[in-house]
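Observations on the three-dimensional arrangement
Each chain, letter by letter, is given below.
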Amino acid sequence: MSRWRDDSIAWQNNNSGDIPAIDDAQDKLLATHLVTLSSLLMHNTPLLDSESAQCAALVAWNHYWETGNEQQGTLFLNQAYRLLLYEVRIGNDAGGWPINVPHPTISTRGSWLSALIQGVSLLILMRAYVLTRKEQFMQAIKRVVRTFEYDILDGGVSAPPGVDGICFEEVAVYPAAHHLTGFLCGLIALQDYVIATRNGRIELLVQCAHMTLHRLCAEFDTGYWTRAHLLQYDLASTEQHLLQERLLHSFSSSAGCMECARRAERWAGYAVSPLARLRASLRSRQLDFQRMLLKYMRAALFPKSTTEVVRIVIPITAFPLSGGMRAIITDADRILRKDWQIAYLTNFVGANSGEYIIYRFGKAWTHPWQFPAVWFYCLAGGMKLFSLLRQDAGYQLLLPQDGVFSSAFTTIVGKLAGVRVVVMDHGNMTWLENPVFRAERLRQPEMESASRLKRWRAHIQFQCYWFSLLLLARITACLADHFFIPGVDGDEETDVCRYLHIEPSRVTRYASMIDPGQYHLLTEDEKGQKRRRYGIDPEAIVIVQICRLAPEKGIEVSLEAFDSLFAALPPERKTRVQFILGGDGPLRQHLERQVQQRGLSGSLTFWGDLSRQKAIDLLSLSNISLYSSLRGVGMPLSILEAMASGCAVIATPEPLANVTLLADGRGIVVNAGDAPQTGRALMRLVNDAILCQSMGKAARDYVIHHNHPIQFGRALARVTGCSSLDALKGESTIW
């Protein structure tokens, strides 16, 4: 062994290639890591085939390290060259060793990569390069490292759990399972690569993955045992648990992380605790029994699927209708139907439904908006979905469009049928902890001038309705496979997920989609012509607000702000300002009286309920868009549409996503309910046409980049399922 080590040091002192000279301590550390990893993995993971080049190289290196037998060293290098021979190029600058057989527990299609195989191969190639300084090894190392930078959708092994996380996947397919063993193997290999190369970009990647590990460890740790992965929350076997503990201990030693070291020590304590082992054994038997019972029930109740077409069912309260989540789903339908066959399950069928496959359930009184109708809604929807899945086995995904009522019956039936359920919540879950919404519902009978008896009955009904929502939300939180929620981390949806004990790895936040092709910027001549068609002065400064005329939209604040703006403007500018209010709702008559009392009838126009195309037309001819909601969730479509139309936007921070959307001069954020501040923001834009135009341009550029259908499609592919190598989507995105 001494001759090999002397040769290695001599080559290092040449300081050639991409790995700089490393001292004896570093060389011994890297070599020891390879020995440790090989001894842990060779007999504890089914992914390492005994006939593979990786396994043969690990065996040879172990023998060489223990005995110093130069024949074993030569055999190790021969296996490293064999790795190069079997490497498969991925894209322009990546490479790896895809696995072509299905995984025993995770659903895979075609070939797929593994962070475990990539990590082991990286360590072998690095050791071979240190010993030989052959450039072919270095080039292969760079290609392997590239797979850790690429998302699974681009042919890599990285997946983003939660917000701004990076996890290296042992089974690199979507939906990602987050196996801890593969994650740690990839992390250890990259940590050694950073030690050897001092590569700053990969060091940042390792730091991000390290922070993700800290967050995910809380989900892997049950308090008495560990989980093998986070897709089905099965407990690890004894062998898997011990392997995870030792890998975490090895990484903590390499990274010098005390938190990981303490976690590894705790897991080691689980393994020697008779009570913990008994509890883990009983829990595993319980899960096995549940799985076996469900298997027999599915075989008896639901036929096996033989279709290759991806078919999904979207349960939704009403469809197709304009506005809100239904407009979002209508836009998404145009994107998804290219690859998927979509059916809708709804309680109310709107107009223009001929182009969709729609199944209706229930009656007009089985709606989800009051007690006890909400329970009849769930019962009718569940029975219809059960019947649909039993008659037709081709559905692979259920995509309910709220996190409370539709998702409750969907998750129950989906769990029984063995169909993946991804909940797309558009704000319904936030009702559980939103005092503004609760106050609005309690105040509604008073606004309708109801009698005392009716108000008392409505109060009792609402209390029962509130309890029903909480129960249905907890059913969803317990049974749903994943939550796909628009918005940004830290908003009300984040709080309610924490309240319902929904694990962060089961939640994906995404940016709502906007199709820029529908929103064309008009030239001044085109805008003038369109304004004339609608009876608007071509030289007018048009302020628009499109929303449902309901209390939560804060329209009274908008009227007060416009009143203060109108009072402060000089007479010659007053004639140019036009405020258009688009939409309809319960406050329509009340707002019309308010406009008359304030003397704004000549400058403020109600356009009533708008079709989608008319709303787009209105935005295209406007200068300023106003959003005054007192409460909001997700990522409001009205703001995205205004930004895509090139309007300067004034909005409240309800929801929190508005702050992100309008940051860096893309708009103005005002406090919710603050009419004077809103009025000052309007005055600023009305008096500065250049600022208004530049703000609108920056807003449009932002949503085209961040809210494009391609970005939405990639986010949806991550939660619904996509093979890593056989169905690459979009252009490569590097971490």
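Residues numbered from 1 in each chain as written. Predicted model: local features only at pLDDT ≥ 70, side-chain atom pairs only at ≥ 80, totals over all residues. Heavy atoms only, no water.

**Description of the environment of Ile580**
Using the following cut-off: The numbering of helices and of strands both runs from the N terminus, where a helix is a DSSP run of H or I of at least 4 residues and a strand a run of E of at least 2. Burial status follows relative accessibility: with a 1.4 Å probe on protein chains alone, a residue under 20% of its type maximum counts as buried, one over 50% as exposed, and anything between as partly exposed. Whether two residues are in contact is decided by their heavy atoms: any pair within 4.5 Å suffices.
Within the secondary structure layout, Ile580 lies in strand S13 (residues 577-582). Its relative accessible area of 1% is what places Ile580 among the buried residues. Separated by 36 residues in sequence, Ile580 and Val544 place their C-alpha atoms 4.8 Å apart. Once you skip the residues sitting within four places of it in the chain, Ile580 turns out to touch Ile536, Val542, Ile543, Val544, Gln545, Thr605, Trp607 and Leu618.

**Quick notes on the pattern of salt bridges**
The cut-off we apply is this: Whenever Lys or Arg places a side-chain nitrogen within 4 Å of a carboxyl oxygen from Asp or Glu, that contact is recorded as a salt bridge.
In this structure the tally under the stated criterion is 20 salt bridges. The salt bridge involving Glu87 is made with Arg143; its shortest N-O contact spans 2.7 Å. Of this pair, Glu87 sits in the loop between helix H4 (70-86) and strand S1 (88-90) while Arg143 sits in helix H6 (residues 135-149), and the two are 56 residues apart along the sequence. As far as the burial class goes, Glu87 and Arg143 line up, both buried. Ionic pairing is found between Asp151 and Arg718, a salt bridge with its closest N-O pair at 3.0 Å. Of this pair, Asp151 sits in the loop between H6 and strand S3 (158-159) while Arg718 sits in helix H27 (residues 709-720); the two residues are 567 residues apart in sequence, bridging distant segments of the chain. Assessed through its relative accessible area of 8%, Asp151 is described here as buried. Look at the salt bridges and you will find they share partners, linking Asp93, Arg146, Glu149 and Arg201 into a network.

**Some words on helix H17 (residues 492-499)**
Formally: Note that the arc is defined by the directions from the helix axis to the C-beta atoms. Nitrogen and oxygen atoms within 3.5 Å of one another constitute a polar contact, given that in protein one can donate a hydrogen and the other can accept it, and given that sequence-neighbouring residues count only through two side-chain atoms.
Residues of H17 that are buried: Glu493, Thr494, Val496 and Cys497. On an axial view of H17, the arc spanned by its buried residues comes to 170°, and they lie on one face. Lining the buried residues of H17 we find strand S10 (482-486) and strand S11 (507-510). Between a side-chain oxygen at the N-terminus of H17 and the backbone nitrogen of Glu493 the separation is 3.2 Å; the capping residue is Asp491. Once H17 finishes, His501 follows within two positions and takes phi at roughly 60°, a positive value.

**So, the sheet that holds strand S14 (residues 604-608)**
The test is simple: Any two strands with at least two DSSP-identified bridges between them are counted as paired.
If you walk across this open sheet you meet the six strands as S14-S13-S12-S15-S16-S17, and the pairing is parallel. Both outer strands of the open sheet, S14 and strand S17 (668-669), are each paired with one neighbouring strand and no more. Across two bridges, the pairing between strand S12 (residues 541-546) and strand S15 (residues 624-627) is parallel. When the bridges of S15 are listed, Ile543 appears paired with Ile624.

**Some words on the sheet that holds S10**
Cut-off, in case you're wondering: To get an axis, a line is fitted to the C-alpha atoms, and for a helix only the part in contact is used. The angle between two axes follows their N-to-C directions and goes from 0 to 180 degrees.
Read from one edge of the open sheet, seven strands run S7-S6-S5-S8-S9-S10-S11, paired in parallel fashion. Strand pairing shows two members of the sheet lacking a second neighbour, strand S7 (357-360) and S11, which therefore form its edges. Neighbour-to-neighbour, the strand axes of this sheet turn through a mean angle of 30°, independent of strand direction. When S10 meets S11, the two strands line up parallel, connected through four bridges. Across the sheet, the residue bridging to Phe484 is Thr508, located in S11.

**Section: the pairing of strand S9 (residues 420-423)**
Consecutive side chains of a regular strand alternate in pointing toward one face of the sheet and then the other. Judged by which residues are buried, S9 turns out to be covered on both faces: Arg420 and Val422 on one side and Val421 and Val423 on the other are all buried. Here strand S8 (residues 395-398) pairs with S9 via two bridges, running parallel. Bridging across to S9, Leu398 finds its partner in Val421. Inspection of the sheet shows S9 paired to S10 by two bridges, in the parallel sense. Note on S10: the bridge partner recorded for Val423 is Phe483.

**A word on the confidence of the model for the chain**
The test is simple: pLDDT gives the predictor's per-residue confidence on a scale running from 0 to 100.
A residue-level look at the chain finds 92% of positions with pLDDT of 70 or above and a mean pLDDT of 88. For the stretch residues 1-17, pLDDT sits under 50, and the model shows 32 contacts to residues farther than four places along the chain or on other chains. Ignoring residues within four places in sequence, the model shows residues 729-735, a span with pLDDT below 50, making 26 contacts including any to other chains.

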